[in-house]
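This is what each chain is made of:
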Amino acid sequence: MKVIIAIVAAARSHAALCIIGFLLLAGLGMRYTASHLSIDTDTEHLFASSLPWRQAEIQEDRNFPQFSDVTVAVVRAASTEEAQETAVALNAALNADTANFHGATYESGDAFYTSEGLLLLPPDGLAEKLGKIVAAQPFLGQLAADPSARGLFTGLGLIAQGVQAGTDISAYNAAITGVEHNLQAAAAGHPEPLSWQSLLLGNPGGAEFVIAHPALNQGSLQPGGVATAALVRVAHGLPDVRAGRATVDYTGQIPLSDEQFASLTHGLVLGGIISVLLIALWLFLALRSWRLIVPILLTLLLGLVLTVSFAAVTVKVMNLISVAFAILFVGLAVDFAIQYCVRLRDVRHHLPELGAALVETGRQAGGQIALAATATACGFLAFAPTPFIGVAELGEIAGAGMFIAFLCTISFLPALLVVFRPRAENIPVGLPGGDLADGWLRRHRRAVLGGFGVLALAGVFAVAHINFDANPLDTKDPNTESMKTIRSLLADPSTNPFYADALVPDLDSARALSAKLSALPQVSEVLSGATFVPEQQDVKLAMLAQARELLAPTLQAAANPPAQAVSAADIRAAMAKTQIAILKVRAQLPKDSPLLGIATALATLQGQSDAQVLAMNAGITRFLPQALGQLVTSLNAGPITRESLPQSVAQNWFLPSGQVRVEALPTAEAQSTAGLREFSQAVLKVAPNAGGPAISTIATAGTILNAFREAAILAFVAIAVILLAVFRTLRESLLVLATLALSALLTALFAWGAGMSINYANIIALPLLLGVGVSFNVYFVMNFRAGMRRFLGSATAHAVLFSALTTATAFGTLAASADRGTASMGKLLFLSLGAVLIATFVFLPALLYVIDARNAGKA
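Throughout what follows, the structure given in this document is the object of discussion. (Residues numbered from 1 in each chain as written. Predicted model: local features only at pLDDT ≥ 70, side-chain atom pairs only at ≥ 80, totals over all residues. Heavy atoms only, no water.)

### So, empty space enclosed by the protein
Unoccupied space between atoms shows up once a probe the size of one water molecule is rolled over them. Taken as a whole and judged by the stated rule, the model has 3 cavities of 30 Å³ or more. Of the voids in this model, the largest cavity is the one considered here, and its volume is about 40 Å³. In this structure, the largest cavity is lined by T299, L300, F329, A333, A337, A405, C408 and T409. Class assignment for the residues of the lining of the largest cavity results in 6 nonpolar, 2 polar and no charged. (1 Å grid on protein atoms, 1.4 Å probe; cavity = no way out; pocket = protein on both sides within 12 Å on 5 of 7 lines; lining within 4 Å. Points joined across faces, edges and corners; volume = space filled by probe spheres on them. Nonpolar A, V, L, I, M, F, W, Y, C, P; charged D, E, K, R; others polar.)

### Notes on the sheet that holds strand β3 (residues 101-105)
Ordered by their spatial adjacency, 4 strands build an open sheet running β3-β4-β2-β5, and the pairing between neighbours is antiparallel. Of all the strands in the sheet, just β3 and β5 (246-251) have a single pairing partner and so form its edges. Here the strands of the sheet are splayed against their neighbours by 25° on average, with no regard to which way each runs. Pairing between strand β2 (residues 71-77) and β5: 6 bridges, direction antiparallel. Note that in β5 the partner of A77 across the bridge is A246. Together, β2, β3, β4 (208-214) and β5 form the strand contacts of helix α11 (residues 225-236), whose direction differs from that of β5 by roughly 170°. (Pairing = 2+ DSSP bridges. Helix = DSSP H or I, 4+ residues; strand = E, 2+ residues; numbered from the N terminus. Axes fitted to C-alpha atoms, helices over the stretch in contact; angles between N-to-C directions. Contact = heavy atoms within 4.5 Å.)

### Brief notes about the nonpolar core
Among the nonpolar cores identified, the biggest contains 230 residues, and L152, F153, L183, W196, F388 and M616 are the most heavily contacted of them. If sequence neighbours within four positions are ignored, L152 has contacts with F139, L143, V179, L194, W196 and I620. By size, the runner-up hydrophobic cluster in this structure holds 20 residues, among which are A83, Y106, A235 and V248. (Core = buried A, V, L, I, M, F, W, Y, C linked by side-chain atoms within 4.5 Å. Buried < 20%, exposed > 50% of the residue type's maximum accessible area, 1.4 Å probe, protein only.)

### What to know about the packing of helix α2 (residues 15-36) against helix α15 (residues 290-314)
Viewed as axis vectors pointing N to C, α2 and α15 meet at an angle of 45°, and their least axial separation amounts to 8 Å. Comparing their axes, α15 and α2 come out oblique. Here α2 runs over α15; the crossing is left-handed. Residue-level contacts link F22, L25, A26, G29, M30, Y32, T33 and H36 of α2 to L302, V305, L306, V308, S309, A312 and V313 of α15. When the residues that make up the contact of α2 with α15 are grouped by side-chain class, the tally is 11 nonpolar, 4 polar and no charged. (Parallel < 35°, antiparallel > 145°, perpendicular 65-115°, else oblique. Left-handed = near helix turned anticlockwise from the far one by under 90°.)

### A short note on a nonpolar patch on the surface
Nonpolar side chains collect at one region of the surface, where I39, L221 and V323 lie side by side and expose about 220 Å² of accessible area between them. Residue classification places V323 among the partly exposed residues on the basis of a relative accessible area of 31%. (Patch = residues over 30% accessible without salt bridge, like charges linked within 9 Å, V, L, I, M, F, W, Y side chains within 5 Å. Areas by Shrake-Rupley, 256 points an atom, 1.4 Å probe, with all protein chains shown as cover. Salt bridge = Lys/Arg side-chain N within 4 Å of Asp/Glu carboxyl O.)

### Focus: the pattern of salt bridges
As enumerated under the stated definition, the model contains 21 salt bridges in all. Note that D474 is salt-bridged to R487, the shortest N-O span being 2.7 Å. Remark: R487 occurs in helix α22 (residues 481-490) and D474 occurs in the loop between α21 (445-465) and α22; sequence separation between them is 13 residues. The class of R487 is partly exposed, set by a relative accessible area of 31%. Close ionic contact of E732 with R731 constitutes a salt bridge, the shortest N to O distance being 4.0 Å.

### A word on the sheet that holds strand β9 (residues 660-666)
On the basis of which strands lie adjacent, the open sheet formed by 3 strands has the order β7-β9-β8 and antiparallel pairing. The sheet is open, and its two borders are formed by β7 (500-504) and β8 (523-528), each paired with just one other strand. Strand-to-strand twist across the sheet, computed as the mean angle between neighbouring axes with direction ignored, equals 20°. Pairing analysis gives 5 bridges linking β7 to β9, with the strands arranged antiparallel. Across the sheet, the residue bridging to D501 is E663, located in β9. The strands touched by helix α31 (residues 673-686) within the sheet are β7, β8 and β9, with β9 carrying the most contacts at an inclination of about 145°.

### A closer look at the environment of T554
Relative to the elements of secondary structure, T554 occurs in helix α25 (residues 552-559). If sequence neighbours within four positions are ignored, T554 has contacts with Q137, L140, G141 and A144.

### What about unusual backbone geometry?
In the Ramachandran plot, R421 falls in the positive-phi region, its phi being about 45° despite a non-glycine side chain. By secondary structure assignment, the location of R421 is in the loop between α19 (412-420) and α20 (434-443). Notably, R728 is not glycine yet its phi reads approximately 65°, a positive angle. By the secondary structure assignment, R728 is in the loop between α32 (693-727) and α33 (730-753). Note on R728: relative accessible area 70%, which makes it exposed.

### Regarding the packing of aromatic side chains
A full pass over the atoms with the stated rule returns 16 aromatic pairs. A ring pair is formed by F112 and Y113, whose centres lie 5.3 Å apart and whose planes are at 80°; its orientation type is edge-to-face. Since its relative accessible area comes to 6%, F112 is described here as buried. Owing to a relative accessible area of 24%, Y113 belongs among the partly exposed residues under this scheme. Relative to F420, the ring of W290 has its centre 6.0 Å away and its plane inclined at 80°; by these criteria the two rings are edge-to-face. Remark: F420 occurs in helix α19 and W290 occurs in helix α15; sequence separation between them is 130 residues. Given the relative accessible area of 18%, F420 is considered buried. Chaining the aromatic ring pairs together yields one cluster made of F47, W53, F383, F388 and F708. Above the face of the F64 ring, R661 is positioned so that its terminal group lies 5.4 Å from the ring centre. (Phe/Tyr/Trp six-rings, centres within 6.5 Å; stacked < 30°, edge-to-face > 60°. Lys NZ or Arg CZ within 6 Å of the ring centre and 35° of its normal.)

Honestly, that's just the spatial picture; any functional story needs more than this.
Here it is, written out as C-alpha cells:
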C-alpha cells in the first residue's frame, strides 16, 4: 500500500514529467510495434505443433502438400460437358497465370478417367452400364453413322417402331426425357447443348473441381486476396460463364481464411466509433465531468498502446484469438480507471483539495485495484501453459495488460488529473436507488440466497447439457462466397470436407482396411490407392472385349464419321418422319410419355426458319462427336498397374515409400458435431493412426476443452492463493470465489437458455468472466472488511455499474460482427457480464448481510 501511495504522490508532484515520460515510452512502443508485430490468420497455428494430432496434420501436409493452402474452384453448368470444358479452360488459364498461381490441377479431367474409367467400376456396376450401352446399339449405331439431328430423329423413329412392335422402351425413358427437354427449349427459341454423356454413358454430371495453389502475399492481411480476385476475373471471361451456362464458385483454406479476416474487420471502424461514443456517454453519466472523462480515455489509450508494444516484444505474431485482447483490455482497464475516478469524486466531497484527494484515493482504492488487477492477471496467465496457443498468447498479453493498466491508473491518470483539475464534488457519490435496494436485500437476504441456490442447481444442469460445437465452419460468416460454396457441397458425402484418412504399407493392406471401413454405418464411401488399381481386371477386360464385339459396327462408324454436313431440309424431312412415327403409336404411349412431348416440339420446329433449325442441330451435335469418341476410348481400356497410373492421380494416393492412402467419407449425419465425433471414433477403432479433417476437428475440440478445464482450475487456485494472502482469512476469500463460481453457473444457464453452443471463439468468455468477476467481487468484499454495510448505495457500486456498461458496449461491438465466431463471443461475453453483475449486485450483498447479521447475533 505504501508503494501505491508513493507512486500516486510522485505522479501528483511531477505530473508533467510523468506524462512526458509515458508519452515517450508509448511513442517508442508504437514505432517498434509497426515493424515487429504481425497477425497470422491461419487457424492451424492456434495450437501447439507438439500435440499428437497436430504432428499428424504436419506430417500429412509434408506427405501430400498438394492438399494444403489451396483455393478450390467449383464449376457447375447446365450440362456435364459444359462443366468439363469450363473446368479445362479455367485450369489452363490459372496455370498460365504464374504471377498469381503456383499451379492448378483438374484431376477428373485427366485422360486416365476417360480411357480406363470403366475398369474402376465394380463388376456388377460395369455389367449394368455395358448392358444399357449394348441395349441401345440400334440407337447408337444410327447416331454413329449420322452424328446429327437427322441421325437422332431417325433413332427416335426406330424407338417408336419398337413401341409399335410391343417392345418395352422404359430403359430409354431417361435419355428420351433429356432429348424432349432440349427440343422444347429449341422450339421456344432457346436452343441448348444436349448432354450426350448423360444420355449415352449414363454420367450423371455434377460439380467439377479445379484445385489452385495461389501465390500468397504474407505481408497482407488477406494473403490470397489478389489471387482470388484473379481467379474471379479469369472465370468471368470464360465462354460458358459469359453465356450464363456455367458458374465458377470458390472455396478452400485460403479464401476461407481471407474472408474470415475480412468478416472480422468488416464494420470495425464504424463499430469502433459507435463504441467509443457510447463509452464516452457512460463515462459522462458516471463522472459528470469532461475533466475526468478525457484523462480516463487517454489513460486507456496509453495502456492499450503499451500492451500492444508488450505483445510486439514478447509474442511478435498475433493470431485470430489473441487480437481479442484489445476488447478485454478496454473492458477491464476502464474499470480500474473508473473505480479510481469515482472514488476520487467521493473523497473530494469531504476533501476538496485535489492533491490530497488524489493521494487519499490511492490509499482507499489503490489496494483494491491492485488486488483486482493481480487476481485478474492470474486468471489470464493461467492459460499461458496450455497447448491452445491462441488463448495462451491471449492470456499472456491480457495478463500483462492488467499490470500495465494498473500502473497507468496509479501514475499516468493522477498526473493527467493534476493537469485537467476536475472540480470538487458538492454532493455524495452513490448509485441512485442503491440504498433502497440495500434495504430490500437486507430484509430478504435468506429468500434471495435460496433463489440463487435454485439457479445454481439449474446452472449445474446447464453445464452438463450445453453443446460444444467443434465445427470450425460454424464460426465463419455464412454469407461469404467461400462459405456459401462449401455449404452447397456438404450435403453430398463425396464432397464433404470432413473426411478421415490413414496410410497403410501396400495395396493389399489398403484393400483390407477399405473393407473394414466400408462396413461401418458411419462411413458412406471409401477410396484408396487400391481404388485406382482395381481387382478382377481380367474379368472386366473380358466384359469390355465382349461389348466391343457386340458394338463393332457402331464403334467402327463412330471412328469414321461422315464428312458431309447435314442441311436444314434434311433435318426437316427427318423431323416429319419421326413425328409421324410417334403419332402412329400415340395410343400405346402413356399420357406423360416424353415421346409425345418430342412430337409436339417437332411440330413447332418444322415451322421455324432454316437458321433456327440449324441452331437446334448445332446444340444437339455440339458434344455428340466427343461423347462417341469417349465411348470408343472407354471400351478399349487396358490393364491398370501402380506403375501405369498417371502422376496426377498417383500423387494423391501413393507415397514414394510405397505407402498407400485410404480415405473414408462420412455420411450426411456426420455434419453435426455429435455425428462427426461418432464418425471419428468409429474410424479410429478400425485405424488407430487415422488422421484427416474429421479426426483433427474432434481432436481440436478435445484440446480446447482440456485447455480451458486445466486453465480454469489453475486460475481458480491461483486466485484463491492471492486472496488468502491478502485477506488472510478463509471466509472472505471464499466469498469472492463463491460469487465467482455462481457467475460461471449463471453464464452457463443463460447461454443454454439462449440456445447457444460453445465454440473455440466464444469460449474465451471464461477468462473475462474470471477477470471481471474477481474485480467486482473484490471491491465489495474489501469494502465489507473496511466496515462498510452500504453496498449498492456506495460509490463502489456506482463505479462497478458504469464500468460494466462500458465493458458491455465493447462487447456489443463484437456481437454485431459479421463473423459468427466473433459475434458468438460478443454475445457470450455479454451474457457473462450480466451473470457477473447479478451475482455481484444481488447475491454477494445478500450473502454479506447474512454474515453481518450472524456477526451481530441477529441471524
